[in-house]
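# Structural overview for review
As a plain string of letters, each chain reads:
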Amino acid sequence: YATTNYRRILDDPAVELVMITTKHDLHASLAIEALRAGKHVFVEKPPALNGEELDTLLAAIRESGKMYLAGYNRRFSRYIQEAKRLVDTRKGGLLLEYTMNAGYIPMDSWVHTHEGGGRIIGEGCHIVDTLGYLAGAKAVGMSVQHLCPKAGYYAPEDNVSVTIRYENGTVACMHYIANGSMKYPKETLHANFDGKTVNVIDYRSIKSEGIKGKRLRDVAPQKGQEEELVAFADAIRSGTLYPIPLEELEQTSRLTFRITEEIQNSFRNTIGG
């Protein structure tokens, strides 16, 4: 059946899993309601838009005993799985560089409003999660740089470079850009370690230098959406673990909050100056 009253879904004992794909400002509140109603929850990223929402959400997940997954699908892609397998063979340090050539979104779009939470919380979170997954460690430091728009065409969060340092010594650079050419791939990953390099290009191909890896190639990007849902279904059936550990979900969200806050503070100081 179809209904415009979501509480009918939450009150239906036949419904075991709720999928939340609304605009971002409703993700946390609807997920909390669904968890408290005894449902497993899949929510499109981001899980929350601020620390208060995130704290309440994490408490609801733990108290409910239900499975929860935010749609950070990149880590489930066979391309990132292969990159992870290769970088995990390293003996020395790991340097990661991920560019999302995100493209321009008009300033009057919902993405830039309280409904969207901004581009880093709303989309850059994909990069932050993927880098954390590949690093395999807790983030311990971060620095942020961004372009300062003057004409009102770009938002301060449109063109950003972030460096994240991890407990195991990994350094990861995230470039989120709106002013790049649309002829360039949307997403590229470069991983460097032990005299070796692994390149993932737009989730269509992977190339490794100095280390033997699988040959993968696709016509269309394979970003892991199907794989993440299979993993979620398996987790629900087994009841043993979350497809993405809660501490990793929390780390990704809190990093995006910090990045956004630093950009906004920097921009206000620049304008004020």
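Residues numbered from 1 in each chain as written. Predicted model: local features only at pLDDT ≥ 70, side-chain atom pairs only at ≥ 80, totals over all residues. Heavy atoms only, no water.

### Focus: the pairing of strand β8 (residues 187-193)
- Among the 7 residues of β8, 5 are classified as buried, and the element is accordingly described as predominantly covered.
- Where β8 and strand β9 (residues 196-201) come together, 6 bridges link them in antiparallel fashion. Bridge pairing links threonine 188 to isoleucine 201 in β9.
- Linking β8 to β9, which pair antiparallel, is a turn of 2 residues; within it aspartate 194 sits at a positive phi near 50°. (Buried < 20%, exposed > 50% of the residue type's maximum accessible area, 1.4 Å probe, protein only. Helix = DSSP H or I, 4+ residues; strand = E, 2+ residues; numbered from the N terminus. Pairing = 2+ DSSP bridges.)

### What to know about the packing of helix α4 (residues 78-87) against helix α5 (residues 119-135)
- The N-to-C vectors of α4 and α5 enclose an angle of 35°; their axes lie 9 Å apart at closest approach. Two secondary-structure elements touch here, α4 through Ile80, Gln81, Ala83, Lys84 and Val87 and α5 through Thr130, Tyr133 and Leu134.
- Class assignment of the residues belonging to the contact of α4 with α5 gives a composition of 5 nonpolar, 2 polar and 1 charged. (Axes fitted to C-alpha atoms, helices over the stretch in contact; angles between N-to-C directions. Contact = heavy atoms within 4.5 Å. Nonpolar A, V, L, I, M, F, W, Y, C, P; charged D, E, K, R; others polar.)

### Side note on the sheet that holds strand β2 (residues 40-43)
- Within the open sheet, the 3 strands sit side by side as β1-β2-β3. Their pairing is parallel. Each edge of the open sheet is held by one strand with a lone partner, namely β1 (17-20) and β3 (68-70). Sheet twist, expressed as the average angle between the axes of neighbouring strands with direction ignored, equals 10°.
- Strand direction decides the pairing type here: β2 and β3, joined by 3 bridges, are parallel. When the bridges of β3 are listed, phenylalanine 42 appears paired with leucine 69.
- Here helix α6 (residues 225-238) sits on the sheet and contacts β1, β2 and β3; the angle it forms with β2, its principal contact strand, is near 165°.

### Section: the sheet that holds strand β7 (residues 171-177)
- An order of β5-β6-β7-β4-β8-β9-β10 is seen for the 7 strands of this open sheet, with the pairing classed as mixed. Strands with a single pairing partner mark the edges of an open sheet, and in this sheet they are β5 (139-146) and β10 (205-209). Strand-to-strand twist in this sheet, taken as the mean axis angle between neighbours without regard to direction, amounts to 10°.
- Two strands pair when backbone bridges link them, and strand β4 (residues 95-101) and β8 are joined in this way by 6 bridges, in the antiparallel orientation. In the sheet register, glutamate 97 faces β8, and the bridge partner there is histidine 190.
- Its contacts with the sheet place α5 against β4, β6 (160-166), β7 and β8, and it is angled at close to 155° to β7.

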